[in-house]
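Residue-level structure breakdown
As a plain string of letters, each chain reads:
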Amino acid sequence: MAQVRVTVDGVNYADDVEPRTLLVHYLRERLGKTGTLVGCDTSNCGACTVHLNGQSVKSCSVLAVQADGAEVTTIEGIARDGKLHPVQEAFNEKHALQCGYCTPGMIMQAIDLLGDNPDPDEHEVREGIEGNLCRCTGYQNIVRAVQSAAQKMKPGAHAQTDAPVSVAGGGS
């Protein structure tokens, strides 16, 4: 067993883990962060994308021990004060999901993309999310959602919509 100290969604954890435990399994099985999905275990689909020290990573390709001392943000950690993140809002507004399986990883990747490129064109969005697979949507609404979120997140823009979307259980 190896000890791992990690901050996940702002909460500090210290756990003993098997050295071969993947970060995705640690997050889901030990911490209950089930929004981080297991899609392929080969880093091909991106359903398990999280932020590790502010950068998107596929958590099925990272060992939990490699995250020792790191800060991890999961899909559960991006909403604030009962309000969805602007990228989550945009995915909802632009109907950027069908089955929803890719959505958590796609949102996490989109947030990282917008951090690097706050105003991407269609080609740049498609290139920025290319490691995250969606088998349902054809990507057009995902691209629209990412570009819509970019507009919402611009300095001076209102991050909230006229009718804020409440997080389930967050009360409204």
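Thresholds applied
Residues numbered from 1 in each chain as written. Predicted model: local features only at pLDDT ≥ 70, side-chain atom pairs only at ≥ 80, totals over all residues. Heavy atoms only, no water. Pairing = 2+ DSSP bridges. Helix = DSSP H or I, 4+ residues; strand = E, 2+ residues; numbered from the N terminus. Patch = residues over 30% accessible without salt bridge, like charges linked within 9 Å, V, L, I, M, F, W, Y side chains within 5 Å. Areas by Shrake-Rupley, 256 points an atom, 1.4 Å probe, with all protein chains shown as cover. Salt bridge = Lys/Arg side-chain N within 4 Å of Asp/Glu carboxyl O. Lys, Arg positive; Asp, Glu negative; His and termini not counted. Charge placed at Lys NZ, Arg CZ, Asp CG, Glu CD. Domains from an automatic or database assignment. Contact = heavy atoms within 4.5 Å. Buried area = accessible area lost by both parts, 1.4 Å probe. Polar contact = N/O pair within 3.5 Å; in protein donor to acceptor, adjacent residues only side chain to side chain. Buried < 20%, exposed > 50% of the residue type's maximum accessible area, 1.4 Å probe, protein only.

This part takes up the pairing of strand S4 (residues 55-58). As defined by bridge partners, strand S3 (residues 49-52) adjoins S4 across four bridges and the pair is classed as antiparallel. Across the sheet, His51 pairs through a bridge with Ser56, a residue of S4. Hairpin connection from S3 to S4: two residues lie between these consecutive antiparallel strands, with Asn53 at a positive phi of about 50°.

Right, let's talk about a negative patch on the surface for a bit. A surface patch of negative charge is lined by Asp121, Glu124, Glu127 and Glu130. Residue placement: Asp121 occurs in the loop between helix H3 (103-116) and helix H4 (122-128).

Let's shift gears to the environment of Lys83. Positionally, Lys83 belongs in the loop between strand S5 (71-73) and helix H2 (86-93). Note: C-alpha distance between Lys83 and Leu23 (60 residues apart in sequence) is 27 Å.

Another aspect to go through is the domain arrangement of the protein. Split by domain assignment, the protein resolves into domain 1 (2-73) and domain 2 (86-153). On a C-alpha basis, the centres of domain 1 and domain 2 stand 22 Å from each other. With 16 residues of domain 1 at the contact, the number on the domain 2 side is 11 residues. Summed over both partners, the interface of domain 1 with domain 2 buries about 1,000 Å², with 49% contributed by carbon and sulfur atoms. Our enumeration of links across domain 1 and domain 2 arrives at zero salt bridges. Linking domain 1 with domain 2 are eight residue pairs in polar contact (both at pLDDT 80 or more). For the side of domain 1 that touches domain 2, the secondary structure elements donating two or more residues are S3 and S4.

Let's shift gears to H2. Of all the eight residues making up H2, six are buried; the element is thus mostly covered by neighbouring parts of the structure. For H2, every residue scored as buried is listed here: Pro86, Val87, Gln88, Glu89, Ala90 and Phe91. The inward-facing, buried residues of H2 contact H3 and helix H5 (140-153). Positive phi shows up at His95, right after H2, with a value of about 55°.

Despite not being glycine, Asp9 has its phi angle at roughly 50°, a positive value. Along the chain, Asp9 turns up in the loop between strand S1 (2-8) and strand S2 (11-17). Within the chain, Asp81 stands out as a residue other than glycine whose phi angle is a positive 50°. Assignment of secondary structure puts Asp81 in the loop between S5 and H2. Looking at Asp81, the relative accessible area reads 80%, which means it is exposed.

This part is about the pattern of salt bridges. For the structure on display, the rule yields six salt bridges. Close ionic contact of Glu122 with Arg126 constitutes a salt bridge, the shortest N to O distance being 3.1 Å. In this pair, Glu122 and Arg126 both sit in helix H4, four residues apart, roughly one turn of the helix. Given a relative accessible area of 37%, Glu122 falls into the partly exposed group. Salt bridges sharing partners connect three or more residues here, namely Glu89, Glu93 and Lys152.

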